[in-house]
Amino acid sequence: MQHATMSHSTNRLLVFDDDPGMCSLVEDIASSVGYTARSVNSSDEFFQLFGNFRPDVIVLDLNLKGSDGIDHLRFIAENNSRAKILIVSGVDNRTLSSAERLGRSVGLDMLGSLRKPFDIDVLEALLNGALTPDVVDIDSELPLAIETNQLLLHYQPKFTLQADGGARLHGVEALVRWQHPQSGLRFPDEFIPTAEKSGLILPLTEIVLRQAMERMVEWSAGGLDLTVGVNIPARMVNDARFPDRVFALLSEFALPPDRLTLEITERDVMTNTETAMANLTRLRIKGIELSVDDFGTGHSSLVQLYRMPFNELKIDKSFVMDCENNDEARTIVEIITTLGHKLGMVVCAEGVETLPTWRYLQELGCQRAQGYLMSRPIPGEDIAGFARDFSPPA
Ligand code: C2E
Ligand code: CA
Ligand code: CA
């Protein structure tokens, strides 16, 4: 069925530039035009995300650290990608056109080239023209995806920061992906909102909990005892059957409750019904860890926060990602850290992308960190290898 879903675009765009400012500019423009956009700063990340994300449009810089972009054009061609390629670079126009010709000669669908600094309107128009009507109708295909096991988990490592500047792997956060049979790997921002509206979020969360626990058992058998964080929607927190369901799963897999962390966004926490309160208290009494996710974006009052039995506060990644270059973001990170500590909670910073941010958090006394600097979310089978090879960023 040919169907255009405007709100959950299935057009994916990948920017590869070693300048993070350029990445976010292109990402912002692409999102405003209707793409699901991602960016990478290094070749390794590019090769990894290229396979996972399967972009429809690639925006490629030619002057990259340790490479000239031509390697990447070849790589894209060798992988039989049908992505449209836009070259954006500071090199002169003749070099740009010759790179474009080269791309065509290896069979790539070249969208064109733009010389930096470029006119934003021109980029916008080019990206607009490259949008294809969506062929995946998220709303109607999600029920089948759930029934036929198309959902899988990636895991993002989460670390405990140590006073001596070191760090150790503490656990992982489970993040759901949808392996669509035709269109490849889809990210949760495309289908979680739909699932929440339709109620499918309940069976989805059940699948996530079960898959995560299966993995935990497998990791434990290999000597790796990790905590696993699972994202829990408001609907579930407000369902009186929820705690018993979690207890039953934990005993089915013979897992200690303190190895499971339930992450609930600050927004959802504030729905604050009596049932939610009773559920959270029951879960916490059993020893399950409770984490307030995306803290700083909702509007919780201190009293509400104080009353709830949470033991971890996760600072929203928007503040953490900005804190290197923005005084206000840094102030927010500091205040949330102090607040969490005063309330006896462990504070976790999410969205750590740079070494200065990592060091700053360590100085601040923030105990946990998660982010692309250490690792992107990766498949479950890669976690043991990651744990073996990990050394703290330095
Ligand atoms: P979240 O719970 O805040 O999860 C963290 C998201 O931030 C993940 O995106 C992760 O890849 C991304 N992230 C982590 N570190 C960095 C970083 O350093 N830089 C940047 N730019 N991003 C970083 P992902 O996997 O696309 O998930 C997006 C959201 O989808 C999650 O946000 C969560 O709200 C939702 N979600 C994911 N899995 C599930 C699930 O199983 N159930 C429910 N209900 N929601 C889920
Ligand atoms: Ca989360
Ligand atoms: Ca979060």
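Residues numbered from 1 in each chain as written. Chains lettered and ligands numbered in written order. Predicted model: local features only at pLDDT ≥ 70, side-chain atom pairs only at ≥ 80, totals over all residues. Heavy atoms only, no water.

**Remarks on the coordination of the calcium ion (ligand 2)**
Part 1 of the argument: The calcium ion (ligand 2) binds to the protein through Glu 173 (OE), Asn 231 (OD1), Glu 263 (OE) and Asp 293 (OD); the donor distances cover 2.2 to 2.3 Å.
Part 2 of the argument: Between the donor residues of the calcium ion (ligand 2), the gaps in sequence give the motif E-x57-N-x31-E-x29-D.
Part 3 of the argument: Taken as an interatomic distance, the gap from the calcium ion (ligand 2) to the calcium ion (ligand 3) is 4.0 Å; Asp 293 donates to each of them. Here Glu 263, found in strand β10 (residues 260-265), pairs with Asp 293, found in strand β11 (residues 289-295); they are 30 residues apart in sequence, far enough to count as distant. We note that Glu 263, like Asp 293, is buried. (Donors = N, O, S within 2.8 Å, 3.2 Å for Na, K, Ca; no water. Helix = DSSP H or I, 4+ residues; strand = E, 2+ residues; numbered from the N terminus. Buried < 20%, exposed > 50% of the residue type's maximum accessible area, 1.4 Å probe, protein only.)

**What about the domain arrangement of the protein?**
Part 1 of the argument: Once the domains are mapped, the protein shows domain 1 (3-133) and domain 2 (143-389).
Part 2 of the argument: For domain 1 versus domain 2, the distance between C-alpha centres works out to 31 Å.
Part 3 of the argument: Each partner contributes to the interface: domain 1 provides 14 residues, whereas domain 2 provides 15 residues.
Part 4 of the argument: Carbon and sulfur atoms make up 41% of the surface buried where domain 1 meets domain 2, a total of about 1,200 Å² over both sides.
Part 5 of the argument: The interface formed by domain 1 and domain 2 holds one salt bridge in total.
Part 6 of the argument: Note that Arg 376 is salt-bridged to Glu 45, the shortest N-O span being 3.3 Å.
Part 7 of the argument: The interface formed by domain 1 and domain 2 holds two residue pairs in polar contact (both at pLDDT 80 or more) in total.
Part 8 of the argument: Contributions of two or more residues to the side of domain 1 that touches domain 2 are made by β2 (36-40) and α2 (43-53).
Part 9 of the argument: Here the element with the most residues in the side of domain 1 that touches domain 2 is α2; it accounts for five residues.
Part 10 of the argument: Across the side of domain 1 that touches domain 2, the residue classes tally to three nonpolar, seven polar and four charged. (Domains from an automatic or database assignment. Contact = heavy atoms within 4.5 Å. Buried area = accessible area lost by both parts, 1.4 Å probe. Salt bridge = Lys/Arg side-chain N within 4 Å of Asp/Glu carboxyl O. Polar contact = N/O pair within 3.5 Å; in protein donor to acceptor, adjacent residues only side chain to side chain. Nonpolar A, V, L, I, M, F, W, Y, C, P; charged D, E, K, R; others polar.)

**Remarks on the pairing of strand β4 (residues 84-89)**
Part 1 of the argument: Within β4, five of the six residues are buried, which leaves the element mostly enclosed by the surrounding structure.
Part 2 of the argument: When strand β3 (residues 57-60) meets β4, the two strands line up parallel, connected through four bridges. Opposite Leu 60, over in β4, you have Ile 87 as the bridge partner.
Part 3 of the argument: Handedness of the crossover joining β3 and β4 through helix α3 (residues 70-78) is recorded here as right-handed.
Part 4 of the argument: Regarding the hand of the β-α-β motif, the stretch spanning β4, helix α4 (residues 93-105) and strand β5 (residues 109-115) is right-handed. (Pairing = 2+ DSSP bridges. Right-handed = clockwise from strand over helix to strand, strands pointing away.)

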